[in-house]
Amino acid sequence: MSINYSEKIPNNVNLAEDRTLQRALEQWQPNFINWWDDMGPEGSTNMDVYLRTAVSVDPQGWVQFGHVKMRDYRWGVFLNPGEQDRKIHFGDHIGEKAWQDVPGEHRANLRRIIVTQGDTEPASVEQQRHLGLTAPSMYDLRNLFQINVEEGRHLWAMVYLLHKYFGKDGREEADALLERNSGNADNPRILEAFNEKTPDWLSFFMFTYFTDRDGKFQLCALAESAFDPLARTTKFMLTEEAHHMFVGESGVGRVIQRTVDMMNQLKTDNVDKLRAAGVIDLPTIQRYLNFHFSVTIDLFGADQSSNAATFYSSGLKGRYEEGKRTDDHVLKGNVYKILAVENGSLVEKEVPMLNALNEVLRDDYIKDSVGGVERWNRIIEKAGIDFRLKVPHKAFHRNIGSLAGVKASPDGRVVSDAEWNAKLGEWLPTEQDRAYVASLMGRVVEPGKFANWIAPPVMGINRQPVDFEYIRFN
Ligand SMILES: [Fe+2]
Ligand SMILES: [Fe+2]
């Protein structure tokens, strides 16, 4: 399964054997590069960046490191090897052979799933395009760029599926993926969280911790798909996604480390004094966390959805770790608890599980995201400081499903309009918070130097020292 780099489009899918497909993708390629030049990381064209590039899909050593110009990055098409005689393992077709092609009756739904996933990939590159100008270190700048090129490759992965399996409308969808833009009033990205700004590095670290983790869960659900090429491509995407969440978790952790060090040095938890010292106070970090968590859990969709039921029953999209579950994998007659508001308070309501599969995936996501928050708390605890971060209640600040618009506090109480308005500034980042965080964002890019508001990492990338020259600016 090694990758052929002598071809214009690196791939492990024998692209050369399918001339029509190869030509179609080679026609899309310059449009992608134009998009990268216009919408990719600002001012980065001449930089040589220490990037990892996939050289095989073998779990031992799929990666190679070296300084490259990002627009010369070998974006390509990599699928995990197929399993022999893979069977569909959930839904109405359970036990049948996995599909190597798209069944006519599921074509529209599969295309929609692939387009929606594909749309998020370039969207995040667009959201992050100005961040390089305010990087807190060369190490962080390199990590940002690594994520950006890999999101570009994830776009390639979805475009390959569209071109290969969906004919003319697939090619049109692939073009449209380069035409929509994050935050564009006339032609925005499909999902709301991908039209939000990522204006500063605290937002970036929160985004890569929380929102890239949404990516992980969506990809895990698609990795179960009966449509085998989708399962294989998302499995390989997941190997790249792990680094994105690492950047988020370690990034927020380093911000916290720097803050608690300053708190101990100045012997204070006074927000004004800490801001005067140029670090980000813990309550502000909590408000950023509340914002990114709540916006991200909306991405899983409505808590009751007939589409979710259809996607599962027809085998298009499974649950997280479907294969490890011990139920019948058909779920007819099963129930699941969702939240609703009755008489001014939150109550649990049992609904058919098939309709609640968005909620099932959201709950699995929530369990997973709590882990890193606990690791952040250990940093605070170790510093001897009496403050703990918490993910907000899932009813807090929601915009989709039965909790949309419900005014609930981060600890899960339904509150009056008056309390909501009075407390909002304690619960979500205020204009002043954002302006303060923005004021810290300066560019620090000498090797081994770090902005004042963030601690250095414990280790460099690929066992290089922290002060390694990760980027040559030329
Ligand atoms: Fe991605
Ligand atoms: Fe990602």
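This text goes with the structure placed above it.
Presented here is an overview of the structure given in this document. (Residues numbered from 1 in each chain as written. Chains lettered and ligands numbered in written order. Predicted model: local features only at pLDDT ≥ 70, side-chain atom pairs only at ≥ 80, totals over all residues. Heavy atoms only, no water.)

This part is about the overall build of the protein. Counting its secondary structure elements, the protein contains 12 helices and five strands. Relative to its length of 474 residues, the protein is compact, with a C-alpha radius of gyration of 23 Å against a globular reference of 23 Å. The long-range fraction of contacts in the protein, counting pairs at least 24 apart against all pairs at least 6 apart in sequence, stands at 72%. Carbon together with sulfur atoms contributes 47% to the accessible area of the protein, which is approximately 19,700 Å² in total. Of note, the protein has its 56 positive side-chain charges centred 2 Å away from the centre of its 67 negative side-chain charges. (Helix = DSSP H or I, 4+ residues; strand = E, 2+ residues; numbered from the N terminus. Rg over C-alpha atoms; globule rule 2.2 N^0.38 Å. Contact = heavy atoms within 4.5 Å. Areas by Shrake-Rupley, 256 points an atom, 1.4 Å probe, with all protein chains shown as cover. Lys, Arg positive; Asp, Glu negative; His and termini not counted. Charge placed at Lys NZ, Arg CZ, Asp CG, Glu CD.)

Our focus in this paragraph is the pattern of salt bridges. Evaluated as defined, the whole model comprises 34 salt bridges. Taking the shortest distance from any N to any O, the salt bridge between Arg189 and Glu126 comes out at 2.8 Å. In this pair, Arg189 is assigned in the loop between α4 (167–179) and α5 (201–222) and Glu126 in helix α2 (residues 107–127), connecting sequence segments 63 residues apart. Grouping residues by exposure puts Arg189 and Glu126 together as buried. We note a salt bridge from Arg319 to Glu322, for which the minimum N-O separation is 2.7 Å. The class for Glu322 is buried, based on a relative accessible area of 0%. Several salt bridges converge on common partners, so that one network encompasses Arg107, Arg111, Asp169 and Glu173. (Salt bridge = Lys/Arg side-chain N within 4 Å of Asp/Glu carboxyl O. Buried < 20%, exposed > 50% of the residue type's maximum accessible area, 1.4 Å probe, protein only.)

Residue pairs three or four apart in sequence face the same way in an α-helix, which turns once every 3.6 residues. Over its 28 residues, helix α3 (residues 138–165) runs 41 Å from end to end, which matches the ideal 40 Å to within 8%, given 1.5 Å per residue. The opening residue of α3, the one whose side-chain oxygen lies 3.3 Å from the backbone nitrogen of Tyr139, is Ser137. Gly167, located one to two residues past α3, shows a positive phi value of around 55 degrees. (Expected span 1.5 Å × (residues − 1). Polar contact = N/O pair within 3.5 Å; in protein donor to acceptor, adjacent residues only side chain to side chain.)

A metal bound by six donors in octahedral fashion has ideal angles of 90 or 180 degrees, whereas one bound by four tetrahedral donors has an ideal angle of 109.5 degrees. Taken together, the protein ligands of the iron ion (ligand 2) are Glu151 (OE), Asp212 (OD), Glu241 (OE) and His244 (ND1), with distances of 1.8 to 2.2 Å. The sequence pattern describing where the donors of the iron ion (ligand 2) fall on their chain is E-x60-D-x28-E-x2-H. A separation of 3.5 Å is found between the iron ion (ligand 2) and the iron ion (ligand 1), which are bridged by Glu151. Of this pair, Glu151 sits in helix α3 while His244 sits in helix α6 (residues 228–266), and the two are 93 residues apart along the sequence. (Donors = N, O, S within 2.8 Å, 3.2 Å for Na, K, Ca; no water.)

With 39 residues, α6 extends 57 Å between its outermost C-alpha atoms, agreeing within 8% with the 57 Å of an ideal straight helix rising 1.5 Å per residue. Largest kink in α6: about 30 degrees, centred on Thr239. Taken across its 39 residues, α6 has 30 buried, putting it largely inside the fold. Following α6 by one or two positions, Lys267 adopts a phi angle in the positive range, close to 50 degrees. (Bend = angle between axes of the 7 residues up to and from the residue.)

Take the coordination of the iron ion (ligand 1) next. Bound to the iron ion (ligand 1) on the protein side are Glu121 (OE), Glu151 (OE) and His154 (ND1), at distances that span 2.0 to 2.2 Å. Read N to C, the donor residues that coordinate the iron ion (ligand 1) are spaced as E-x29-E-x2-H.

Among the nonpolar cores identified, the biggest contains 113 residues, and Ile256 and Trp453 are the most heavily contacted of them. Among residues more than four places away in sequence, those in contact with Trp453 are Pro136, Trp201, Phe205, Val255, Arg258, Gly278, Val279, Ile280, Leu440 and Met441. Listed in part, the 13 residues of the second largest apolar core include Phe90, Tyr312, Ile338 and Leu357. (Core = buried A, V, L, I, M, F, W, Y, C linked by side-chain atoms within 4.5 Å.)

The subject of this paragraph is unusual backbone geometry. Positive phi outside glycine occurs at Asp85, with the angle close to 50 degrees. The class for Asp85 is exposed, based on a relative accessible area of 55%. In the Ramachandran plot, His397 falls in the positive-phi region, its phi being about 55 degrees despite a non-glycine side chain. In this fold, His397 is placed in the loop between α10 (357–382) and α11 (417–427).

Two faces, one strand: in a regular strand the side chains alternate between the faces of the sheet. Pairing geometry for strand β3 (residues 335–342) and strand β4 (residues 345–352), over eight bridges, is antiparallel. Following the sheet pairing, Lys337 is matched in β4 by Glu350. Connecting β3 to the next strand, β4, in antiparallel fashion are two residues, including Asn343 with a positive phi near 50 degrees. (Pairing = 2+ DSSP bridges.)

Moving on, we come to the sheet that holds strand β2 (residues 63–69). Taken in spatial order, the three strands of this open sheet run β2-β1-β5, and their pairing is antiparallel. The open sheet is flanked by β2 and β5 (471–472), the only strands paired with a single partner. α3 rests against β1 (48–54), β2 and β5 of the sheet, and its axis sits at about 45 degrees to β1. (Axes fitted to C-alpha atoms, helices over the stretch in contact; angles between N-to-C directions.)

Here the focus is the packing of aromatic side chains. Inspection of the entire model under this criterion finds 31 aromatic pairs. Between the aromatic rings of Tyr50 and Phe468, the centroid separation amounts to 4.9 Å while the plane-to-plane angle is 65 degrees, which identifies the pairing as edge-to-face. A residue pair is termed long-range when its members are at least 10 positions apart, and Tyr50 in strand β1 and Phe468 in the loop between α12 (431–440) and β5 qualify at 418 residues. As far as the burial class goes, Tyr50 and Phe468 line up, both buried. Judged by centre distance (5.9 Å) and plane angle (90 degrees), the rings of Phe78 and Phe236 are edge-to-face. With Phe78 in the loop between β2 and α2 and Phe236 in helix α6, the pair connects residues that are 158 residues apart, well separated along the chain. You'll find Phe78 and Phe236 in the same group, each marked buried. Here the aromatic cluster, defined as three or more aromatic residues joined through ring pairs, consists of Trp28, Phe32, Trp35, Trp36, Tyr73, Trp75 and Trp156. Lying over the aromatic face of Tyr209, Arg213 brings its terminal NZ or CZ to 4.2 Å of the ring centre. The ring of Phe291 has Arg434 sitting right over it, with the charged end atom 5.0 Å from the ring centre. (Phe/Tyr/Trp six-rings, centres within 6.5 Å; stacked < 30°, edge-to-face > 60°. Lys NZ or Arg CZ within 6 Å of the ring centre and 35° of its normal.)

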